[in-house]
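Report on the structure
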Amino acid sequence: MADPLQFAYRTQKAIGVFDAAPVYESLPGFQKPEGNLRCCVYSPCGRYFAYATNEGVTVVDASAGHVLAYLPIQAVYDLGFSPRGTFLSTWERPGKDENGDATKNLKVWRTIEPVDERAEKQPLGRFVQKSASGWNLQYTDDERFCARMVTNEVQFYNSDDLTTVWNKLRAEGVADFAIAPGLNRNVAVFVPERKGQPAAVKVFNVPQFNSPISQKTFFKGDKVQLKWNVLGTSLIVLAQTEVDKSNKSYYGETNMYLLSANGSFDARVTLDKEGPIHDVSWSPNSKEFGVVYGYMPAKTTIFNHRAVPQHNFALGPRNTIIFSPTGRFVLVAGFGNLAGQIDVYDLEKDYKKVTTIESGNPSVCVWSPDSRYILTATTSPRLRVDNGVKLWHVGGGIMYNEEFVELYNVMWRPASPDSAHGGDPLHPVPTPHASALAYLGTIKTPSKPAGAYRPPGARGTSTPLHFKREDEGGAAHVVTNGTPSIGPNGFGRQRHLVPGAEFTKPSVPGAVPADADGEELSKTALKNKKKRNKKAKEGGPPVGPEGGLAPPAREFESGSGGEGRSPERRGAHQGHQHSHSQSRNNNNYPIRNRSNTHRARSQSRPGQRPGQYQQQQHQNGAPQPVPSGGAPVGPIGEEGAAQSANAKKIRSLQKKIRAIEDLEMRLAGGEKLEDTQMKKIGTKGSVIRELEALERE
């Protein structure tokens, strides 16, 4: 009888090994360790299970649970096996010895070694490894060679002799590498952008390091993920930048490239939806891969080994794609800040959707080795509540549930898909464990969602398209650097608006001004100017620059305050009034006397314009106001209006120049300016030329 499915878990106080379907019980021969437990791991072959405590590292038989080896090493924080389980690596926290030198905290041991029990077990190799990410050695599939990265090179060793470097792959500035699975013995190295040179991914065949057999250069690659397929014949390069220069994302920009190991094919994978790449995964058959990409709702596409799209799944809030070990099923899920829904599709039945699982908020989602079950778990420290393990059947039903106080890690025991039980994974549906039935009893029946609030006038009608998500039939979500890409008329970019400022059209450097005076007028100003020109042609009273009628000259009639006075006193009074007005209005702006305007309108007959009444009074010999200078007081002429407009234009241009100079000082100080501010600096020349032309006038 084949071994049942098995998974291991680590909590705050214990480590357990559990036999899943069909027995659902703890491994009989395994004694649960207790205390401060830092890590645990299965070997890729599935034969061994190792865990670390404060006292040492223990290796047990994964099938029976009894202890096979013990390493008295304290303060081990991580463990790792070679592909076939022959070698075990331990990583301790970096430190310094008595002489101040860094301690060799990475040690490699032979997992099972027949030695005298009285003799102390010695490691095969010791290395200094400060970083906790990518700390373990990488092995070829046959475990003959292993490699580790140091400054500007990748060092290769014979796995049996780790004291001497067997060969070196020299790569200036190398930041990452990945040895391919399979029997090809290929290795890919990544060199980021440097001194204006593009980033590069190069593939070499071990040990022929003179020239790469395949390579790809590209920009926008500060760091990458190197994903080989199972056979080691193709490589996906997921490149990412730290900063998105288009200001569309806080998390940088992502691009994806595909290379063949023999150099016959390399290309950038074209994605037809704007946004980041959330996840990419190879199928176990090595002939296709899936990508989840784009702004939410994200798009999921299956590509073949030549990066040609084969199938598109429905849009939805998803960010994870995982193929089953047998390659028949694929799950597309949304974890993290998404709802935790898992869609399962059957690839052999024309991508038919099998089920949707409401998994809650898991942080772990893994297929079982036989592709019949999906394990989900909520772990700490991401969430310290609702920690537990759930086992789902591929058809959607829950099979097992167990809750823990603080669950840190959970993993399946690796097994070959060939050793899986035969038959259809979907049928028959196995009998769920009692814990699953109890869990179903605690779930409340979901009530009908109330939906978003809608005002009474909008109830009973369909939702407008601009309120719908893209997967519900709405418009696609477009992210820009803070400004809409479509203006109010449906074309172009919306103008930059300052709250409270007067609306103006952006000036184009070098363009002919719309107004003859060099001033670009708005619709209202242009309309008022036409009124003024029309009044001037008809001989009527001139119209003020703001569009209102100019006030008539002051008449001294009844109620004006000038009756009963001598002509001398009246003249003195007018001179005093004019000098007072001139002191407040020394910029030659139109003088507006509201009382005179009101009086002129009240004294004019119905149907008679104020200008006609003014002309009539002038013909009757009414005295005209004469200022102290002797010139008659009246509205400002066209020449004065042009001068005042030019003065206003000059002040506006001087203000623009001061603002541009301020931006130049900020730019020289190293501050990063926006695109609109850089464009404003570029208009300095045209503004200066326009100012000089106005000053010459």
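In this report, we go over the structure that sits alongside the text. Keep in mind the model is a prediction, meaning the values are calculated, not measured.

Structural notes on the overall build of the chain
On a plain count of helices and strands, the chain comes out with 8 helices and 36 strands. The buried share among the 697 residues of the chain stands at 40%. When the accessible surface of the chain is totalled, it reaches about 40000 Å², and 51% of it is carbon and sulfur.

A few points about the sheet that holds strand E26 (residues 299-304)
Taken in spatial order, the 4 strands make up an open sheet running E24-E25-E26-E27, and their pairing is antiparallel. Two strands in the sheet have a free side with no partner beyond their single neighbour: strand E24 (277-282) and strand E27 (309-312). The sheet shows a mean angle of 20 degrees between the axes of neighbouring strands, direction not considered. Of the strand pairs in this sheet, E26 and E27 are connected by 3 bridges, and their pairing is antiparallel. Residue Ile 302 lies in a different strand from E27, and its bridge partner there is His 311.

Re the layout of surface pockets
Its volume calculated, the second largest pocket comes out at about 1400 Å³. Around the second largest pocket, the lining is made up of 32 residues, and of these Pro 44, Pro 181, Asn 229, Val 230 and Pro 414 lie nearest the centre. Mapped by element, the contributors of at least two residues to the lining of the second largest pocket are strand E12 (138-139), E24, strand E28 (320-323) and strand E32 (364-367). Here the lining of the second largest pocket is composed, by residue class, of 21 nonpolar, 8 polar and 3 charged.

Considerations on a positive patch on the surface
The grouping of Lys 655, Lys 656, Arg 658 and Lys 680 at the surface amounts to a positive patch. The element best represented in the positive patch is helix H6 (residues 638-668), accounting for 3 residues. By secondary structure assignment, the location of Arg 658 is in helix H6.

Some details on the pattern of salt bridges
Summed over the entire model, instances satisfying the criterion amount to 20 salt bridges. Ionic pairing is found between Arg 170 and Glu 172, a salt bridge with its closest N-O pair at 3.6 Å. Here Arg 170 falls in the exposed class, since its relative accessible area comes to 54%. Overall, Glu 172 belongs to the partly exposed group, its relative accessible area being 42%. The residue Arg 666 makes a salt bridge to Glu 671 at a minimum N-O spacing of 3.0 Å. Overall, Arg 666 belongs to the partly exposed group, its relative accessible area being 29%. Linked by salt bridges that have partners in common, Glu 153, Lys 168, Arg 170, Glu 172 and Arg 194 make up one network.

Notes on empty space enclosed by the protein
Empty space among the atoms becomes apparent when a probe as large as a water molecule is rolled across them. All told, the structure shown has 2 cavities of 30 Å³ or more when counted by the stated rule. The calculated volume of the second largest cavity comes to roughly 30 Å³. Taken together, Val 59, Ala 69, Leu 71, Leu 88, Trp 109, Arg 110, Thr 111 and Lys 121 form the lining of the second largest cavity. Of all the secondary-structure elements, those providing two or more residues to the lining of the second largest cavity are strand E7 (67-71) and strand E10 (106-110). Looking at the lining of the second largest cavity residue by residue, the class counts come to 5 nonpolar, 1 polar and 2 charged.

Concerning the packing of aromatic side chains
Counted under the stated rule, the structure contains 21 aromatic pairs. Between Phe 49 and Tyr 51, the aromatic rings sit 6.4 Å apart at their centres with planes inclined by 40 degrees, giving tilted as the arrangement. Per residue, the accessibility class of Phe 49 equals that of Tyr 51, and both read buried. With a centroid separation of 5.4 Å and an interplanar angle of 15 degrees, the aromatic rings of Phe 289 and Phe 303 are classed as stacked. Linking Phe 289 in strand E25 (residues 288-293) with Phe 303 in strand E26, this pair joins segments that are 14 residues apart in sequence. On the accessibility criterion, Phe 303 (1% relative accessible area) is buried.

Things to note about the side chain of Lys 216
Tracing the sequence through the fold places Lys 216 in strand E19 (residues 214-218). Within polar-contact distance, the side chain of Lys 216 engages the side chain of Asp 266 at 3.5 Å. If near-sequence neighbours (up to four positions away) are discounted, Lys 216 is found in contact with Ala 199, Ala 200, Val 201, Tyr 257, Leu 259, Asp 266 and Ala 267.

Things to note about the sheet that holds strand E8 (residues 76-81)
The 4 strands are arranged E8-E9-E10-E11 in an open sheet whose pairing can be described as antiparallel. Of all strands in the sheet, those with a lone pairing partner are E8 and strand E11 (125-127), marking the two edges. Strand-to-strand twist in this sheet, taken as the mean axis angle between neighbours without regard to direction, amounts to 20 degrees. Sheet topology places E10 next to E11; 3 bridges connect them, and they run antiparallel. Along E11, the bridge assignment pairs Val 108 with Gly 125.

Thoughts on the state of the cysteines
Enumeration over the complete set of coordinates arrives at 0 disulfides. Sulfur of Cys 39: no disulfide; nearest cysteine sulfur belongs to Cys 40 and is 7.2 Å away. Exposure remark for Cys 39: the relative accessible area of 7% places this residue in the buried category.

What about a nonpolar patch on the surface?
A surface patch of nonpolar side chains, amounting to about 280 Å² of accessible area, comprises Leu 437, Leu 440 and Ile 443. Following the sequence through the fold, Ile 443 ends up in the loop between helix H1 (434-442) and helix H2 (523-538).

Some points on the environment of Arg 666
Relative to the helices and strands, Arg 666 is located in helix H6. If we ignore the near neighbours within four places in the chain, the residues touching Arg 666 are Glu 671, Leu 673 and Gln 677.

A look at the pairing of strand E4 (residues 39-42)
Burial of the side chains of E4 extends over both faces: Cys 39 and Val 41 are buried on one face and Cys 40 and Tyr 42 on the other. Strand direction decides the pairing type here: E4 and strand E5 (residues 48-52), joined by 4 bridges, are antiparallel. Paired with Cys 39 across the bridge in E5 is Ala 52. What sits between the antiparallel neighbours E4 and E5 is a turn of 5 residues, in which Gly 46 has the positive phi angle 85 degrees.

Focus: unusual backbone geometry
Going from Ser 380 to Pro 381, the amide bond is cis rather than trans, its omega being 5 degrees. Here Pro 381 is to be found in the loop between strand E33 (373-378) and strand E34 (388-393). Note that the residue after His 427, namely Pro 428, is joined by a cis bond; omega there is -5 degrees. Checked against the element boundaries, Pro 428 lands in the loop between strand E36 (407-412) and H1. Here Asp 350, not a glycine, exhibits a phi torsion of approximately 60 degrees, which is positive. Tracing the sequence through the fold places Asp 350 in the loop between strand E30 (341-346) and strand E31 (352-358). Positive phi, close to 55 degrees, is recorded for Tyr 351, a residue that is not glycine. Along the polypeptide, Tyr 351 turns up in the loop between E30 and E31.

What counts as what
- Residues numbered from 1 in each chain as written.
- Predicted model: local features only at pLDDT ≥ 70, side-chain atom pairs only at ≥ 80, totals over all residues.
- Heavy atoms only, no water.
- Helix = DSSP H or I, 4+ residues; strand = E, 2+ residues; numbered from the N terminus.
- Buried < 20%, exposed > 50% of the residue type's maximum accessible area, 1.4 Å probe, protein only.
- Areas by Shrake-Rupley, 256 points an atom, 1.4 Å probe, with all protein chains shown as cover.
- Pairing = 2+ DSSP bridges.
- Axes fitted to C-alpha atoms, helices over the stretch in contact; angles between N-to-C directions.
- 1 Å grid on protein atoms, 1.4 Å probe; cavity = no way out; pocket = protein on both sides within 12 Å on 5 of 7 lines; lining within 4 Å.
- Points joined across faces, edges and corners; volume = space filled by probe spheres on them.
- Nonpolar A, V, L, I, M, F, W, Y, C, P; charged D, E, K, R; others polar.
- Patch = residues over 30% accessible without salt bridge, like charges linked within 9 Å, V, L, I, M, F, W, Y side chains within 5 Å.
- Salt bridge = Lys/Arg side-chain N within 4 Å of Asp/Glu carboxyl O.
- Lys, Arg positive; Asp, Glu negative; His and termini not counted.
- Charge placed at Lys NZ, Arg CZ, Asp CG, Glu CD.
- Phe/Tyr/Trp six-rings, centres within 6.5 Å; stacked < 30°, edge-to-face > 60°.
- Polar contact = N/O pair within 3.5 Å; in protein donor to acceptor, adjacent residues only side chain to side chain.
- Contact = heavy atoms within 4.5 Å.
- Disulfide = S-S within 2.5 Å.

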